[in-house]
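So the chains spell out like this:
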Amino acid sequence: MKIEIESDVFDIVERVKEIDDGYRIVYDTVSDNLELHNINQKNSFCLNIKNNQISPDLINLILKSEIRYIDTIISEIDSNNEKIEKENSDNVRDLTSYMAGEVFAFANNSSKEFECNKAFGSKWR
């Protein structure tokens, strides 16, 4: 069940409605979260409110996420995705290097006798 928050101590609900008259702050009793909805949209959900607190940071977040800042938002998303891809490729390269070193060390260890027929056998036979 969703309960609309109509007012708060700092009048942030009113300030949110000044940004867009379709914005509504609701409390979702099922997920125990505060959410921002825009009733003028078909899918009204906009975002979860961080820390479940109605604070002035919410106003800044809403203003920052407006459509007029789409170029900035997309560039932030792209740079974040590039950073994640680089970290992933670095991790794969490091793991591959480690595994290749382990294989090389095992293959190059001539002091160990290796008997193929005992390699996959059980000790209890």
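Scroll up to find the structure.
In what follows, the accompanying structure is described.

Cut-off values and rules
- Residues numbered from 1 in each chain as written.
- Predicted model: local features only at pLDDT ≥ 70, side-chain atom pairs only at ≥ 80, totals over all residues.
- Heavy atoms only, no water.
- Helix = DSSP H or I, 4+ residues; strand = E, 2+ residues; numbered from the N terminus.
- Buried < 20%, exposed > 50% of the residue type's maximum accessible area, 1.4 Å probe, protein only.
- Contact = heavy atoms within 4.5 Å.
- Core = buried A, V, L, I, M, F, W, Y, C linked by side-chain atoms within 4.5 Å.
- Patch = residues over 30% accessible without salt bridge, like charges linked within 9 Å, V, L, I, M, F, W, Y side chains within 5 Å.
- Areas by Shrake-Rupley, 256 points an atom, 1.4 Å probe, with all protein chains shown as cover.
- Salt bridge = Lys/Arg side-chain N within 4 Å of Asp/Glu carboxyl O.
- Pairing = 2+ DSSP bridges.

1. Considering the overall build of the chain
In step 1: When helices and strands are counted, the chain shows four helices and four strands.
In step 2: Listing the helices and strands of the chain from first to last along the sequence gives β-α-β-β-β-α-α-α.
In step 3: Going through the 125 residues of the chain one by one, you find that 18% of them count as buried.
In step 4: For the chain, contacts bridging at least 24 residues in sequence account for 31% of all contacts bridging at least 6.

2. Describing the nonpolar core
In step 1: Listed in full, the 12 residues of the largest apolar core are Ile12, Val13, Val16, Tyr23, Ile25, Leu34, Leu36, Leu47, Ile49, Leu58, Ile59 and Ile62.
In step 2: Of all the secondary-structure elements, those providing two or more residues to this core are helix H1 (12-19), strand S2 (23-28), strand S3 (33-38) and helix H2 (56-64).
In step 3: Beyond its immediate stretch of four places on either side in the chain, Val16 contacts Tyr23, Ile25, Leu36, Leu58, Ile59 and Ile62.

3. Regarding a nonpolar patch on the surface
In step 1: On the surface, Ile67, Ile70 and Ile74 cluster together into a nonpolar patch covering about 290 Å² of accessible area.
In step 2: With respect to the secondary-structure elements, Ile70 resides in helix H3 (residues 70-107).

4. As for the pairing of S2
In step 1: Most of S2 sits out of view: five of its six residues are buried.
In step 2: With six bridges connecting them, S2 and S3 associate as antiparallel partners. In the sheet register, Tyr23 faces S3, and the bridge partner there is Asn38.
In step 3: What sits between S2 and S3 in their antiparallel hairpin is a turn of four residues, with Asp32 showing a positive phi close to 60°.

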